[in-house]
Amino acid sequence: MTDGTFEAFRKAEALMAQRRPLDALRELKQVLAEAGEAPSVQLLAGRAYLGSAQLNRAEEAFRKVLDLDPSDHYARFALGRTLQRQGRLTEALAQLRMAVAMHPSPEYQEALGEVKARLALGN
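None of these values were measured; they are calculated from a predicted model. (Residues numbered from 1 in each chain as written. Predicted model: local features only at pLDDT ≥ 70, side-chain atom pairs only at ≥ 80, totals over all residues. Heavy atoms only, no water.)

A. Region of the structure containing the overall build of the protein. Summing up its helical and strand segments, the protein has seven helices and zero strands in all. Secondary structure elements in the protein, listed N-terminal to C-terminal, are α-α-α-α-α-α-α. Its C-alpha atoms give the protein a radius of gyration of 15 Å, within 12% of the compact-globule value 14 Å for 123 residues. For the protein, the residues scored as buried account for 42% of the 123 residues in total. (Helix = DSSP H or I, 4+ residues; strand = E, 2+ residues; numbered from the N terminus. Rg over C-alpha atoms; globule rule 2.2 N^0.38 Å. Buried < 20%, exposed > 50% of the residue type's maximum accessible area, 1.4 Å probe, protein only.)

B. Quick look at the pattern of salt bridges. All told, the structure shown has 10 salt bridges when counted by the stated rule. Two residues, Glu-27 and Lys-11, come together in a salt bridge whose shortest N-O distance is 3.6 Å. Taken as a pair, Glu-27 in helix H2 (residues 21-35) and Lys-11 in helix H1 (residues 3-17) lie far apart in primary sequence, 16 residues in all. Note that Arg-81 and Glu-114 form a salt bridge whose closest N and O atoms lie 2.9 Å from each other. Residue Arg-81 is found in helix H5 (residues 73-85), and its partner Glu-114 is found in helix H7 (residues 106-120); the two are separated by 33 residues along the sequence. Here the salt bridges share partners, and the residues they tie into one network are Glu-59, Arg-63, Arg-88 and Glu-91. (Salt bridge = Lys/Arg side-chain N within 4 Å of Asp/Glu carboxyl O.)

C. Region of interest: the packing of aromatic side chains. On inspection of all chains with the given rule, the structure shows two aromatic pairs. Each member of the aromatic cluster is reached from another via a ring pair, and the members are Tyr-74, Phe-77 and Tyr-108. (Phe/Tyr/Trp six-rings, centres within 6.5 Å; stacked < 30°, edge-to-face > 60°.)

D. The layout of surface pockets, seen in detail. Size it by volume and the largest pocket reaches roughly 180 Å³. What lines the largest pocket is a set of 13 residues, among which Met-16, Arg-47, Leu-50, Gly-51 and Tyr-74 lie closest to the centre. Residue assignment for the lining of the largest pocket shows that the elements contributing at least two residues are helix H3 (39-51) and H5. Looking at the lining of the largest pocket element by element, the count peaks at five residues for H5. Grouping the amino acids of the lining of the largest pocket by side-chain chemistry returns six nonpolar, one polar and six charged. (1 Å grid on protein atoms, 1.4 Å probe; cavity = no way out; pocket = protein on both sides within 12 Å on 5 of 7 lines; lining within 4 Å. Points joined across faces, edges and corners; volume = space filled by probe spheres on them. Nonpolar A, V, L, I, M, F, W, Y, C, P; charged D, E, K, R; others polar.)

E. Highlighting the UniProt feature "repeat: TPR" (unreviewed entry) in the protein. Under the UniProt annotation, "repeat: TPR" (unreviewed entry) lies at residues 39-72. Across residues 39-72, the secondary structure splits into 79% helix and 0% strand, with the terminal C-alpha atoms separated by 10 Å. (UniProt positions renumbered as here; feature names shortened; annotations may be inferred.)

Have a look at this one:
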């Protein structure tokens, strides 16, 4: 990554921290063009896509991260949440189960419980 690309990446991270995903995506445009195969870049892009309800793009970004690093528990969690928002609950359940198995955080466990409950209700 060049200095300018790294700076744009950091700015996009800061924008995500401020809950400004569309602004973050504008910053990431250059980063994705220059370093789009880096898992950290795809993960940040996926978060920005998810935050701006671009669910297909979010799914694609999180899947790229997992292709590069199948042990990334956060990417699994985020993919599960993305699939959940798309109403693809069975697929979401599988991803969230793996995320919880890798990293049993309360946030992951809560998401898994939500999907299990929705499936039990038939939604």
